[in-house]
Amino acid sequence: MTAVTAAAVGASPDSAPGSGTGTASGSPVELVDLCRSFGATRALDHLSLTVAPGELVALLGPSGCGKTTALRVLAGFETADSGRVVVQGREISRVPAQRRDMGMVFQSYSLFPNLNARDNVAFGLRMRGRKSADRRAQAAEMLELVGLASQADQYPHQLSGGQQQRVALARALAIEPSVLLLDEPLSALDAKVRLQLRDQIRALQTRLGTTTLFVTHDQEEALSMADRVGVMQSGRIEQIDTPSALYENPGSPFVAEFVGLMNRLPGTVDGAGAAVLGRVLPIRNQHRFPLGTSVDVLVRPEGLGLTPAEDGRHEVVAKTFLGSLTRVSVAVDGRMVLVDQPSETAARLVPGHRVDVAVVGATVLVADSTPPAAVPAAATVAADPS
Amino acid sequence: MAAVASRDLGAPLLEAPAAPSAPGGRRGRTPRVWRFVVLLLAGLYFLVPLYAALRFALKTSQGRTSITAFTSIPHQQGFMPAFTLSLRLALVTTVITLLLMVPTAVYVHLRLPGLRRLFDGITILPIVIPPVVLIVGVLQVAPRRLKGTPYLLALEYAVLAMPFAYRSLDAGLRAIDLKTLFEASRSLGGGWFKTILRVVLPNLRAALLAATVLTVALVLGEYTMANLDQYATVPVWIVSFDQDNSHVSVAVSLLALVVTWVFLLAISSLGWRRSRRAVRAGLA
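Being a predicted model, the structure only gives us computed values, none of them experimental. (Residues numbered from 1 in each chain as written. Chains lettered and ligands numbered in written order. Predicted model: local features only at pLDDT ≥ 70, side-chain atom pairs only at ≥ 80, totals over all residues.)

All right, on to the overall build of chain B then. Across its full length, chain B holds 12 helices and zero strands. Taking all 284 residues of chain B together, the buried fraction comes to 29%. Residue pairs in contact within chain B that sit at least 24 positions apart in sequence constitute 73% of those at least 6 positions apart. (Helix = DSSP H or I, 4+ residues; strand = E, 2+ residues; numbered from the N terminus. Buried ≥ 20, exposed ≤ 12 C-beta atoms within 10 Å, placed from the backbone. Contact = placed C-beta atoms within 7 Å.)

Next comes the structure, spelled out in structure tokens:
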């Protein structure tokens, strides 16, 4: 594995950087031990990250975790207090943004309002002193690539949000950057357009093989687009790994709860494992809880099973139809627990039914015990499958 | 009336949903009547004195109607030098003002956004400080070579125009996402100078025109400073000439007003035509 972070934990050995890319013509990127503070706030706390050529890495985390600062330090819009930025083996920490050879797509619409789509795309080439004919040809090619050749003469205010971001992507790629930076480019778009553009960006990045760093707070976006996802908290990368490895083997309770849905069940530390719902299961994460401590045991909805029983210990509270699966909400010791069941099986369950809940997974994560949230009254929720 | 967003020029107009007619059309008519009344009163307030001045200028001292007062203007002693001096001052002041104010306003917005209120306060000072004090201030700092030349007056006018120019530019900069545009340009290889030239200035066109229009109007109409500095600009010449021939003096005042107005219209229509061309190109 070539891409490892100093702060990362739990990176699985099967993760393959750049594996999703067709070619690997991009440049390798290294962020080494970066620190950056804004007053008393530490935005980057000894952050290290390596991105392999042609790889798409997503930085995922809540607001204020430092993901955008990391991207801006790489772009040259912020200067790190300490640490190094290395691209293609060359340190560029002190190189101004305009000489870093990086294409960037911003969260807000950033097309130049006074230029039409073609001139926007050609802007970077003009800054590089390319001839007018070359610029026009290259811009036309890039607009063709993002499916907007017929909109070349349109001005930004005449384009939809999705089209503007596609032009911005074409503009960023037209300069054939060594690294492509995406700063939450989909967050201003509506759900349908976001889904389409997400696929288009990934397809284009794969085709061109440009090394890409993508910042987002949307886990679905990160998991569906990236070769690897780095989950950030308080200026550090908690864990970086492939999407499936992150989901299946989260290294900490924070990562487990940030990526996908996670139930908290009351349990007790019992020898090498955790006692939960009548079973003792091995604990996956490192912890310092003494024997007998009450803890929260973290289990995903698909890691739980349901058995209808008239004298069952738990009660079905609600159901949410999700297509082939139904998410059943069950009250377990005063907590609301979500259990994914095949819809055929769940069809027989009605709010108010008694059931037994069991852990079907092999290992669990444990975290500090938190007080249970109030369980709402029983109700059936049927989400529209369309 | 079809409801069409003014910016969405590409949308098919025929598909725009028709707004339901307001129940009780009287409600819609009443404000329209008031608008007309207010417009009429404002028009009368401005036009009646102009009409009176025009009538006075078209009368000779013998009471006959004639355009002699207007045709004789270029031949009046001292008029042409005063006129060219005013135009020169307008040009130089505008250049100085824009060269000082554009980079300042851009820098404040980009790098010192926390100081925007302070700058708002500082730039309004020339309005509350008496012109004599401003003149003394400029004299203190002006290069020796400029003293005794009309360009010293241009420096004083630049101070006087600062509140209007800064506010126009400030409003223009607030209307665009300057930080993102700047960063987008830099990520594409644009340095500071190129970014200001190719990205910021074109998107500030309306604000630049407003700043220019206000500065030119101020310079062409300013009397106090020019008189104190003893430069015969058009307003100073009008006042001094008034004592000899009041009909010609009023004719010059009217002509100055018309020339200023035409000049401002020309500047404004320049921007208007360019934006129309841009929209038309977008629709092609």
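Right, let's get into the overall build of chain A. The helix and strand inventory of chain A stands at nine helices and 20 strands. Out of the 386 residues belonging to chain A, those deemed buried represent 48%. Look at the contacts in chain A between residues 6 or more apart in sequence, and 71% of them connect residues 24 or more apart.

Time to look at the interface of chain A and chain B. Each side of the interface is counted separately: chain A has 25 residues, and chain B has 22 residues. Of all elements in the fold, only β6 (102-105) and α2 (117-127) of chain A reach the threshold of two or more residues within the side of chain A that touches chain B. A class-by-class count of the residues in the side of chain A that touches chain B yields 12 nonpolar, 10 polar and three charged. (Nonpolar A, V, L, I, M, F, W, Y, C, P; charged D, E, K, R; others polar.)

So, about the sheet that holds strand β9 (residues 228-233) of chain A. Residue and element names in this part refer to chain A. Read from one edge to the other, the open sheet built from six strands follows the order β6-β7-β8-β3-β9-β10, with strand pairing classed as mixed. Of all strands in the sheet, those with a lone pairing partner are β6 and β10 (236-241), marking the two edges. Here the average twist between neighbouring strands, direction ignored, is 20°. Strand direction decides the pairing type here: β9 and β10, joined by five bridges, are antiparallel. Each bridged residue has a counterpart across the sheet, and for Q233 the counterpart in β10 is R236. The sheet strands contacting helix α4 (residues 161-174) are β6 and β7 (179-183), and the helix crosses β6 at an angle near 175°. (Pairing = 2+ DSSP bridges. Axes fitted to C-alpha atoms, helices over the stretch in contact; angles between N-to-C directions.)

Below, the discussion takes up α4 of chain A. All names here are of chain A. End to end, α4 covers 20 Å across 14 residues, agreeing with the expected 20 Å (1.5 Å per residue, within 8%). Taking burial as the measure, the 14 residues of α4 include 12 buried ones, the bulk of the element. Next to the buried residues of α4 lie β6, α2, α3 (132-145), β7 and α5 (191-208). The positive-phi residue at the C-terminal boundary of α4 is E176, with phi of around 50°. (Expected span 1.5 Å × (residues − 1).)

Once that is clear, we can look at the confidence of the model for chain B. Across chain B, the average pLDDT comes to 81, with 83% of residues at or above 70. Here helix α12 (residues 246-283) of chain B stands out as the least confident element of chain B, with mean pLDDT 71; helix α7 (residues 178-187) of chain B is the most confident, with 93. (pLDDT = per-residue confidence, 0-100.)

Close inspection of predicted coordinates is inappropriate for parts of the model with low pLDDT. Residues and elements named next belong to chain A. When pLDDT is averaged along chain A, the result is 85; 89% of the residues meet or exceed 70. In the predicted structure, residues 1-24 sits below a pLDDT of 50 and forms 72 contacts with residues beyond four places in sequence or in another chain. Long-range and interchain partners of residues 376-386, a stretch whose pLDDT sits below 50, account for 19 contacts in this model, where long-range means more than four residues apart.

Glancing now at the packing of α2 of chain A against α4 of chain A. Residue and element names in this part refer to chain A. For the pair α2 and α4, the least separation of the axes is 7 Å and the interaxial angle reads 25°. Between α2 and α4, the interaxial angle falls into the category roughly parallel. Seen from above, α2 lies across α4 with right-handed handedness. Across from A117, N120, V121, F123, G124 and L125 in α2, the residues of α4 making contact are V167, A170, R171 and A174. Tallied by class, residues from the contact of α2 with α4 come to seven nonpolar, two polar and one charged. (Parallel < 35°, antiparallel > 145°, perpendicular 65-115°, else oblique. Left-handed = near helix turned anticlockwise from the far one by under 90°.)

Turning to the nonpolar core, a few remarks are in order. L74, L181, L213, V330 and V364 of chain A together with L169 of chain B are the most contacted members of the largest nonpolar core, which totals 163 residues. Per element, the largest residue contribution to this core is 15 residues, and it comes from helix α6 (residues 151-174) of chain B. The residues touching L181 of chain A, leaving out its near neighbours within four places in the chain, are L71, L74, A75, M102, G103, M104 and L213 of chain A. (Core = buried A, V, L, I, M, F, W, Y, C linked by C-beta atoms within 7 Å.)

The four strands lie next to each other as β2-β1-β4-β5 (chain A), forming an open sheet whose pairing is antiparallel. Whereas interior strands pair on both sides, the edge strands pair on one side only; in this sheet they are β2 (41-51) and β5 (90-91) of chain A.

Take unusual backbone geometry next. Residues and elements named next belong to chain A. Even without being glycine, D33 reaches a positive phi, approximately 50°. By the element assignment, D33 lies in strand β1 (residues 29-38). On the basis of neighbour counts, which here come to 15 C-beta atoms within 10 Å, the residue D33 falls in the partly exposed class. Of note in the backbone geometry, E176 takes a positive phi value of approximately 50° without being a glycine. Of note, E176 is situated in the loop between α4 and β7.

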